[in-house]
Structure formats: structure tokens, C-alpha cells
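Each chain is listed here by its residues.
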Amino acid sequence: MGSAASYLLIAVLTVTAAIHAGFAIYGWRRRGASGAGVFGFINLALAIWLTSYAGELAGADFETKVAWAQAQYLGIASVPVLWFLYSLELRGRLRSISWPWMVALWIVPALTIIMVFTTRWHGLHWSSVQLASTEQLSFVRVAYGPWFWVQAAYSYTLLLAGTILLLNYVSRSSDLYRDQAAMLLVASVLPWIANIAYLAGLIPMP
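All of these numbers come straight from a predicted model, not from anything done at the bench.

Colleague: Would you mind showing me how to read the packing of helix α2 (residues 36-58) against helix α4 (residues 79-90) here?
Modeller: For any two helices packed against each other, one specifies the inter-axial angle together with the distance between the axes. Remark: α2 packs on α4, axes separated minimally by 9 Å, with the N-to-C direction vectors making an angle of 160 degrees. Judged by the angle between their axes, α2 and α4 are roughly antiparallel. By crossing handedness, the relation of α2 to α4 is classed as left-handed. Seen from α2, the contacting residues are Val38, Phe39, Phe41, Ile42, Ala45, Leu46 and Trp49; seen from α4, they are Val79, Leu82, Trp83, Leu85 and Tyr86. Counted by class, the contact of α2 with α4 contains 12 nonpolar, no polar and no charged residues.

This is how it looks when you write it as C-alpha cells:
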């Protein structure tokens, strides 16, 4: 790795991560407003995800790349739950979620993170991990174990449920947070398309 294209991609990921970190700080400082706190946590998770992805691409050796690829899951596993909670908060339903249900929502993400960091011993999340490269980039290529599909199904269910709630909110609401929710919905379209295309094998890169 070392081409101009690879450095540009790493720079874009790093800058985008910094922007999300700024949004995270913005949301935390205004956490008293409806949805602001969860909005901040979503952006923190995205910042971790993007920073770790940049770290994977920039990593000097295989073990470093794998460590960064694992770190991505601190964000990957958290974003779907936070997205769902954000949609509930804007609809005024978050307070109706009891603590047992809140804990239950985080069981799969917590198990996913544990599975990712211990996958070399059981292969339940990644059944194999290899170093792959193109002319521009070197990255971690994995084969998925059974737990990955459990996590993917759970994540897509929460993302879809949250998206439906936000669509309903945007179509019916006229309050201050409607524009914020609408921007998030628009911003979610490309990641949805890209991730589905990747899982379907239409995109060879991670």
C-alpha cells in the first residue's frame, strides 16, 4: 500500500470521522434536548467505525490490520441499536422502554464484540481472516461464520425499524427536529445500498 489513491481514501475516512466526532460533541453538549444525546452517541459510534477502518487500511502489518478491523465493531455493533433508540426518542417513546428491554437490546451487540475479539479461537464470527490487496490497498478479507449472520439480521431489523419510525416522524412532524431526522434519513441511503451490495458480493473491497 502506498499509492495516492490509498492515502486519499485514508484521509477522507479520517476527516469524516473527525466530522462525526464534532457532531458527537455537539450532541452531548445539548443532551438535554430531545434526541440530542442519542444523536451524539450515534456519531461517536460512526467516528470509531471510520477511524478504525482508516487504521485498518493504514496498518503496516497483518496483525495491526486485524486489530483495527476488530475495533470497527465497537461502532458497527452499536450503530443499529442507537439508530433505533434515536427514532424512538424523536417519537417520544424512548422513556417507555424499561431497563430490562434496554439491556436486552444490547445483548446481541455485546456478544458480537466479544465474538469478534475472540473469533480466532472459535470462528463463530469470522471463520477465516486473510490479508488481501489490490494495486492501491491492502486490507483484511474475512469469511463469515454463523454468528455474523445472526448479528447482521439483528442489525438490519433494528435499522429498518428505526428508518420506518423516522420516515413516519418526518412525514407527520413539523417541529424543530424534523430537519435533523430528514438529513439522517438521506445520509443513511448510500450506506444502506453500499452495505447490502457488499454483503451480496457485488463489492469486492471491505
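Colleague: Can you walk me through the pattern of salt bridges in this structure?
Modeller: As a working rule, side chains carrying opposite charge can pair if their charged atoms are close by. Tallying each qualifying case throughout the model produces one salt bridge. As a salt-bridge pair, Arg120 and Glu63 come within 3.7 Å of each other at their nearest N and O atoms. Of the two residues, Arg120 sits in helix α7 (residues 119-122) while Glu63 sits in helix α3 (residues 62-76), which places them 57 residues apart along the sequence. Using a relative accessible area of 54% as the deciding quantity, one classes Arg120 as exposed. The class for Glu63 is partly exposed, based on a relative accessible area of 46%.

Colleague: Just to check I follow, could you spell out the confidence of the model for the chain for this structure?
Modeller: Detailed reading of the predicted model is not advised wherever pLDDT is low. Per-chain confidence: the chain averages 85 in pLDDT, with 83% of residues scoring 70 or above. The least confident element of the chain is helix α9 (residues 178-199), whose mean pLDDT is 67; the most confident is helix α6 (residues 107-117), at 97.

Colleague: I tried to follow the pairing of strand β2 (residues 138-144) on my own but got confused; where do I start?
Modeller: The pairing of strand β1 (residues 126-133) with β2 spans seven bridges and is classified as antiparallel. Within the sheet, the bridge partner assigned to Ser128 lies in β2 and is Ala143. The hairpin turn running from β1 into β2, its antiparallel successor, is four residues long.

Colleague: Looking at this model, I keep getting lost on the packing of aromatic side chains. Mind explaining?
Modeller: Centre-to-centre distance and the angle between the planes together describe a pair of aromatic rings. Tallied over the full model, the rule gives seven aromatic pairs. Note on Tyr73 and Trp126: the rings are 5.9 Å apart at their centroids and 70 degrees apart in plane angle, and the pair reads as edge-to-face. With Tyr73 in helix α3 and Trp126 in strand β1, this residue pair connects regions lying 53 residues apart in the sequence. Each member of the pair, Tyr73 as well as Trp126, is classed as buried. A ring pair is formed by Tyr144 and Trp149, whose centres lie 5.6 Å apart and whose planes are at 80 degrees; its orientation type is edge-to-face. Stacked on the ring of Trp28, the Lys or Arg Arg31 has its end atom at 4.2 Å from the ring centre.

Colleague: Please explain the environment of Thr14 as it appears in this structure.
Modeller: Relative to the helices and strands, Thr14 is located in helix α1 (residues 4-29). By relative accessible area, which is 43% here, Thr14 ends up partly exposed. When the C-alpha positions of Thr14 and Ala54 are compared, they lie 6.5 Å apart, and in sequence the two are 40 residues distant.

Colleague: Would you explain the nonpolar core in this entry?
Modeller: Generally speaking, soluble globular proteins have nonpolar side chains that are buried together. Among the nonpolar cores identified, the biggest contains 22 residues, and Val38, Phe84, Leu85, Tyr86, Leu88, Leu94 and Leu105 are the most heavily contacted of them. Among the elements of the structure, α2, α4, α5 (99-105) and α8 (146-172) are those that each provide at least two residues to this core. In contact with Leu105, not counting residues within four places along its chain, are Val81, Phe84, Leu85, Tyr154 and Leu158.

Colleague: Can you walk me through a nonpolar patch on the surface in this structure?
Modeller: Together, Trp28, Phe41, Leu44, Ile48, Leu74 and Phe117 line one region of the surface with nonpolar side chains, adding up to about 530 Å² of accessible area. At three residues, the largest contribution of residues to the nonpolar patch is made by α2. Following the sequence through the fold, Phe41 ends up in helix α2.

The rules we used
- Residues numbered from 1 in each chain as written.
- Predicted model: local features only at pLDDT ≥ 70, side-chain atom pairs only at ≥ 80, totals over all residues.
- Heavy atoms only, no water.
- Axes fitted to C-alpha atoms, helices over the stretch in contact; angles between N-to-C directions.
- Helix = DSSP H or I, 4+ residues; strand = E, 2+ residues; numbered from the N terminus.
- Parallel < 35°, antiparallel > 145°, perpendicular 65-115°, else oblique.
- Left-handed = near helix turned anticlockwise from the far one by under 90°.
- Contact = heavy atoms within 4.5 Å.
- Nonpolar A, V, L, I, M, F, W, Y, C, P; charged D, E, K, R; others polar.
- Salt bridge = Lys/Arg side-chain N within 4 Å of Asp/Glu carboxyl O.
- Buried < 20%, exposed > 50% of the residue type's maximum accessible area, 1.4 Å probe, protein only.
- pLDDT = per-residue confidence, 0-100.
- Pairing = 2+ DSSP bridges.
- Phe/Tyr/Trp six-rings, centres within 6.5 Å; stacked < 30°, edge-to-face > 60°.
- Lys NZ or Arg CZ within 6 Å of the ring centre and 35° of its normal.
- Core = buried A, V, L, I, M, F, W, Y, C linked by side-chain atoms within 4.5 Å.
- Patch = residues over 30% accessible without salt bridge, like charges linked within 9 Å, V, L, I, M, F, W, Y side chains within 5 Å.
- Areas by Shrake-Rupley, 256 points an atom, 1.4 Å probe, with all protein chains shown as cover.

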